[in-house]
Amino acid sequence: MVLSRGWAVFLTAVGVWTWIIWPRFALAIWNDPRAWSAGRAGEGTPTSFLWVHALLIIASLAIGTAVGLLGVRAWRAARSRP
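Structure report, in brief.

Parameters and conventions
- All residue numbers refer to positions counted from 1 along the written sequence of the respective chain.
- Whole-chain, interface and lining totals are the exception, using all residues; otherwise, since this is a predicted model, local features are given only for residues with pLDDT of at least 70 and side-chain atom pairs are given and counted only at 80 or more.
- The side-chain values count all of the structure's non-hydrogen atoms but skip hydrogen atoms and water molecules.
- Secondary structure elements follow DSSP: runs of H or I no shorter than four residues count as helices, runs of E no shorter than two count as strands, and numbering proceeds from the N terminus.
- In this setup the radius of gyration rests on C-alpha atoms only. A globule is expected at 2.2 Å times the number of residues raised to 0.38.
- Each residue gets one of three labels from its accessible area relative to the maximum for its type: buried under 20%, exposed over 50%, partly exposed in between, using a 1.4 Å probe on protein chains only.
- Contacts: residue pairs with any heavy atoms within 4.5 Å of one another.
- Surface exposure here means Shrake-Rupley accessible area, sampled with a 1.4 Å probe, where a residue is shielded only by the protein chains that are shown.
- Salt bridges, as used here, are contacts in which a Lys or Arg side-chain nitrogen is within 4 Å of a carboxyl oxygen on Asp or Glu.

Our focus in this paragraph is the overall build of the protein chain. When its secondary structure is counted, the protein chain shows two helices and zero strands. On C-alpha atoms alone, the protein chain measures out to a radius of gyration of 18 Å, which is more than a quarter above the 12 Å that the 2.2 N^0.38 rule sets for 82 residues. Taking the principal axes of its C-alpha atoms as reference, the protein chain extends roughly 60 × 15 × 10 Å. Burial status across the protein chain gives 23% buried among its 82 residues. A separation of at least 24 residues holds for 52% of the contacts in the protein chain among residues at least 6 apart in sequence. Only carbon and sulfur atoms are counted for the fraction: they give 71% of the accessible area of the protein chain, which is about 5900 Å².

This is the structure we're talking about:
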């Protein structure tokens with residue numbers, strides 16, 4: 001499959017966007033009182049709220065990385081075509 005440069009840029013931008021947004025969301029979840037049994041960030045044991053969101057964040061970062069890498073590869077392939 002051959003992707004246009006426009007799609008390559010879009011996929012790369014999605015990958016970058018993912019890495020901008022999800023780490024900030026991870027910080028918000030870490031600091032949320034519902035994430036910890038003691039009700040304060042980092043105190044007590046992690047709750048299911050933290051674990052579920054951690055899995056979502058990890059999955060989203062993995063998917064975003066894959067999409068971004070596809071975009072970069074598509075851009076390089078488009079540059080080598082005449």
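That covers the picture; the talk isn't over yet.
A full pass over the atoms with the stated rule returns two salt bridges. The partner of Arg34 in a salt bridge is Asp32, with the nearest N and O atoms 2.7 Å apart. For Glu43, the salt bridge identified is with Arg40, shortest N-O distance 3.1 Å. Given a relative accessible area of 35%, Glu43 falls into the partly exposed group.

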